[in-house]
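Coordinate inspection notes
Each chain is listed here by its residues.
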Amino acid sequence: MPRPHLTTAQKLYQSGNYADAERACRLALKAKPNDMQATRLLGQITRHTGKAQESVLIFQKLGRARPNDIQLLGELGASMAAANHFAHALPLLQRAVKALPKAPKWKVHLARCLLGLFKTNEAITLLEEALAQSPDDPDTLFLLANALLNAARREYAEPHIRAFLAQQPNSVPGRTMLANILEYQGRLDEAIELLDDILGPDRQSVGNPAYDQAVGGLIRCLSVQGNYDEALRVCQPLATQHPSAKLVQAIAPLYLSQKLHDEIRPLLERALATDNLPQPDRASLLFRYAKALEPLKNHDVTFSAYTKANACYPKSFDHTLKQDLYTQLRSVFSKDSIAADPRATLDASNCVFIVGMPRSGTTLVEQIIDAHPSAHGGGELPYLRQTVDALAQLSKTEAPACFEHASPDLLDKGARLYLDQLKAHNPDADRITDKLPHNFELLGLINRMLPGARVIHCRRNPVDTCVSAYCTQLSAWHNYANNLDTLGWTYGQYASLMQHWHEACDLPILDVQYEETVADLETQARRIIEFIDLPWDARCLRFYQTTRAVTTASVDQVRKPIYSTSIARWKRYEPHLTPLLDALKDAGVDLESN
């Protein structure tokens with residue numbers, strides 16, 4: 001007997017038109033209430049239409065009728081993940097993947113669950129396996145783009161989301177994802193044009209979660225451009241309409257940067273009271289809420305909010321992995337090996353690496369350099385890490401071991417790969433900066449692969465550096481920063497490795513102390529410009545007049561004149577910092593060092 005509503009629902013579901021698919025599917029079930037096929041389809045559809053809890057109930061019911069059906073077990077896990085019950089979903093989806101390894105959709109659902117648990121790299125590996133099995137699957141393409149964006153691998157994310165949009169060109173989440181990727185690549189005009197097109201002139205679709213993300217992206221892009229007045233015009237009407245938790249996340253940074261603390265606090269409190277809030281969203285809201293509490297000067301309450309924000313992240317930091325890496329780096333790039341081993345032959349004198357722990361003043365140094373007419377600030381670039389991965393694959397040996405006695409030919413290939421990508425940022429600039437802070441781990445490689453490159457090492461009081469990192473929502477890559485013990489231990493490892501580089505490398509390295517730059521900007525700015533071998537230009541003192549797009553955690557600071565309020569900030573939280581202070585002392589770090 002023909003079932004036109006069910007056939008229609010299936011076609012609409014396959015095309016990504018979930019709202020119409022749901023209506024058709026419910027009509028099919030109205031005609032035949034116990035239809036197994038239609039019930040299962042409704043469970044799948046409701047995962048996509050914001051009704052994940054209903055989807056969970058559907059698959060629990062179906063599972064009770066067929067307890068040995070591994071497909072239904074996987075469907076239940078997928079629905080639990082969609083409902084943000086990641087811990088419950090994980091074992092169900094792992095069982096489905098193990099039992100059905102040739103079915104890529106279970107890998108996609110498991111990857112979605114892993115992303116919810118902040119296990120981004122594991123998710124990317126699974127999604128790449130799934131894509132190899134089913135190269136055109138839209139769900140895989142979309143989720144892989146999202147995972148790569150979260151992992152700051154934006155150039156790799158773009159082709160996947162464009163392949164997704166080739167199949168579903170009107171997808172609001174897909175187009176918003178592309179706008180996010182363009183934003184993080186610094187292509188703000190393209191991103192804003194796309195977001196304006198998604199939203200239309202009247203913004204009437206706001207309230208729908210997909211459109212809320214687009215509004216959030218528009219507010220963020222305008223803020224990054226420094227166009228705060230226009231950003232406020234977009235978001236202030238929305239703030240009175242009981243915005244979703246996602247939209248509050250987007251509004252909050254703008255309100256905080258404009259010191260509208262009293263206005264944003266109630267919005268954040270209401271958003272934090274949302275039922276079943278995903279942990280990544282809760283963490284983001286709590287970081288913003290803590291920042292909104294700071295002007296009240298109740299430091300115990302404020303630090304408690306920061307602690308709750310960091311507690312949202314799983315304790316996934318691996319001390320042994322980090323220590324083993326740094327031991328290998330010291331071995332492969334020892335003082336003797338750096339002096340004796342061959343080097344690349346290409347000229348890298350246009351490269352300026354700005355390194356240090358996060359929150360140590362790297363953005364300030366880059367802004368000073370970028371203000372010079374002969375220099376360009378490249379931002380936090382992934383190219384050196386990508387080059388390391390490419391050379392490791394080429395040599396069929398893991399890094400850093402692949403660089404032990406590496407030939408000039410291999411090093412030249414790496415240098416060409418890195419320099420071509422760097423130069424594309426601004427072909428006419430005499431100096432281009434790369435300010436990915438953790439490039440401090442790769443100074444031995446820079447010494448051998450990029451002759452002529454210069455390194456500026458940013459330093460700041462160690463306790464202020466660590467507290468600032470703890471009170472900032474960094475990417476999941478910095479998982480050491482979510483715990484005071486591991487944060488202090490990691491700082492000690494960094495300080496020890498930098499001491500090794502100073503002793504082992506003949507690479508030009510300039511130490512720049514944040515506190516000294518704040519106290520005497522001109523003297524330190526002149527040191528910096530002289531070090532990179534450019535003539536002095538007074539515009540470097542007016543770095544805050546930039547029109548440059550900045551997408552790091554320091555986005556608001558770059559447009560402010562230099563200020564000293566962040567010096568000795570840690571003392572206001574001192575009663576809560578015993579684990580951090582003890583870890584720093586155990587690592588031999590001088591707590592008062594500047």
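For the structure, check the block above.
Attention here is on the structure that accompanies the text. (Residues numbered from 1 in each chain as written. Predicted model: local features only at pLDDT ≥ 70, side-chain atom pairs only at ≥ 80, totals over all residues. Heavy atoms only, no water.)

**Some points on the pattern of salt bridges**
Here is the rule we go by: Any carboxyl oxygen of Asp or Glu that lies within 4 Å of a side-chain nitrogen of Lys or Arg is treated as forming a salt bridge with it. Numbering of helices and strands runs from the N terminus, with a helix taken as a DSSP run of H or I at least four residues long and a strand as a DSSP run of E at least two residues long. For every residue, the accessible area obtained with a 1.4 Å probe (protein chains only) is divided by the maximum for its type, and the residue is called buried under 20%, exposed over 50%, and partly exposed between those limits.
Taken as a whole, this structure holds 29 salt bridges when the rule is applied. R187 serves as the salt-bridge partner of E158, at 3.0 Å between the closest nitrogen and oxygen. One end of the pair, E158, is in helix α10 (residues 154-167); the other, R187, is in the loop between α11 (172-184) and α12 (188-199), and 29 residues separate them in sequence. Assessed through its relative accessible area of 26%, R187 is described here as partly exposed. One salt bridge in this structure joins R539 and D537, with 2.9 Å as the shortest N-O distance. Look at R539 and you get partly exposed, because its relative accessible area is 41%. One salt-bridge network, held together by shared partners, links E22, R26, K51 and E54.

**Quick look at the state of the cysteines**
To keep things clear, this is the line we draw: The definition used for a disulfide is geometric: two cysteine sulfur atoms within 2.5 Å.
Under the defined criterion, the tally for this structure stands at zero disulfides. There is no disulfide at C312, and the cysteine sulfur nearest it, in C471, is 14 Å away. The closest cysteine sulfur to the non-disulfide-bonded C471 is located on C466, 11 Å from its own sulfur. Of the residues examined, C471 reaches a relative accessible area of 4% and is grouped as buried.

**Description of the side chain of N461**
Worth spelling out the cut-off: Within 3.5 Å is the distance limit for a polar contact, defined as a pair of N or O atoms, with the added protein rule that one can donate a hydrogen and the other accept it, and that residues adjacent in sequence qualify only through two side-chain atoms.
The residue N461 is located in the loop between β4 (454-459) and α25 (462-470) in this model. Here the side chain of N461 touches V463 through a polar contact of 3.0 Å, landing on its backbone nitrogen.

**Describing the environment of N482**
Heads up, the condition is: By the convention used here, residues are in contact when the closest approach between their heavy atoms is within 4.5 Å.
As for its position among the elements, N482 is in the loop between α25 and α26 (484-504). Along the primary structure N482 and D420 are separated by 62 residues, whereas in three dimensions their C-alpha atoms are 36 Å apart. Those residues in contact with N482, other than ones at most four positions away along the chain, are N310, Y313 and Y470. Of note is the side chain of N482, whose polar atom sits 2.9 Å from the side chain of N310.

**A short note on the packing of α25 against helix α29 (residues 578-586)**
Describing two packed helices takes the angle between their axes plus the distance from one axis to the other. Which entries qualify depends on this criterion: Only C-alpha atoms enter the line fits that serve as axes; for helices the fit covers just the stretch in contact. Angles between N-to-C directions range over 0 to 180 degrees. Comment on the angle field: the value is read as roughly parallel under 35 degrees, roughly antiparallel over 145, roughly perpendicular from 65 to 115, and oblique elsewhere. Helix crossings are classified by the rotation of the near helix relative to the far one: an anticlockwise turn of less than a right angle makes the crossing left-handed, while a clockwise turn makes it right-handed. The residue classification treats Ala, Val, Leu, Ile, Met, Phe, Trp, Tyr, Cys and Pro as nonpolar and Asp, Glu, Lys and Arg as charged. All others, Gly included, are polar.
With their axes 11 Å apart at the nearest point, α25 and α29 run at an angle of 135° to one another. With respect to α29, the axis of α25 lies oblique. Note that α25 runs across α29; the crossing there is right-handed. Residues V463, C466 and V467 of α25 form the contact with α29, whose own contacting residues are L580, L581 and L584. Classifying every residue of the contact of α25 with α29 by side-chain character gives six nonpolar, no polar and no charged.

**Let's talk about the packing of helix α2 (residues 18-31) against helix α3 (residues 36-48)**
It is at 9 Å that the axes of α2 and α3 come closest, and there the two elements cross at 155°. On the basis of the axis angle, α2 is roughly antiparallel to α3. Note that α2 runs across α3; the crossing there is left-handed. Contacts between α2 and α3 involve Y18, A21, E22, C25, R26, A28 and L29 from the first element and A38, T39, L41, L42, I45, T46 and H48 from the second. Partitioning the contact of α2 with α3 into residue classes produces nine nonpolar, three polar and two charged.

**Description of unusual backbone geometry**
Negative phi characterises most residues that are not glycine, and trans characterises most peptide bonds. A cis geometry characterises the amide bond from A399 onward to P400, with omega recorded as 0°. Here P400 is to be found in the loop between α22 (383-395) and α23 (408-423). Even without being glycine, K259 reaches a positive phi, approximately 60°. Mapped onto the secondary structure, K259 falls in the loop between α15 (245-257) and α16 (261-272). Taking relative accessible area as the criterion, K259 reaches 60% and is therefore assigned exposed. One non-glycine residue with positive phi stands out, namely H405, at about 60°. Topologically, H405 is positioned in the loop between α22 and α23.

**Quick look at the side chain of N447**
Counting through the fold element by element, N447 comes out in helix α24 (residues 443-449). Of note is the side chain of N447, whose polar atom sits 2.8 Å from the side chain of D506.

**Notes on the sheet that holds strand β1 (residues 351-355)**
Which entries qualify depends on this criterion: When DSSP finds two or more bridges between a pair of strands, those strands are recorded as paired.
Spatially, five strands are ordered β2-β3-β1-β4-β5 in an open sheet, and the strand pairing comes out parallel. Of all the strands in the sheet, the pair left with one neighbour each is β2 (375-377) and β5 (509-513). Ignoring strand direction, the axes of neighbouring strands in this sheet form an average angle of 25°. Judged from the three bridges that link them, β2 and strand β3 (residues 431-434) form a sheet pairing that is parallel. Across the sheet, residue G377 finds its bridge partner in β3, namely T433. Running over the sheet, helix α21 (residues 362-370) touches β1, β2, β3, β4 and β5 and is turned about 155° from β1. Taken strand by strand, helix α28 (residues 521-531) contacts β4 and β5, and its axis lies near 165° from that of β5.

Keep in mind these values describe shape, not function.
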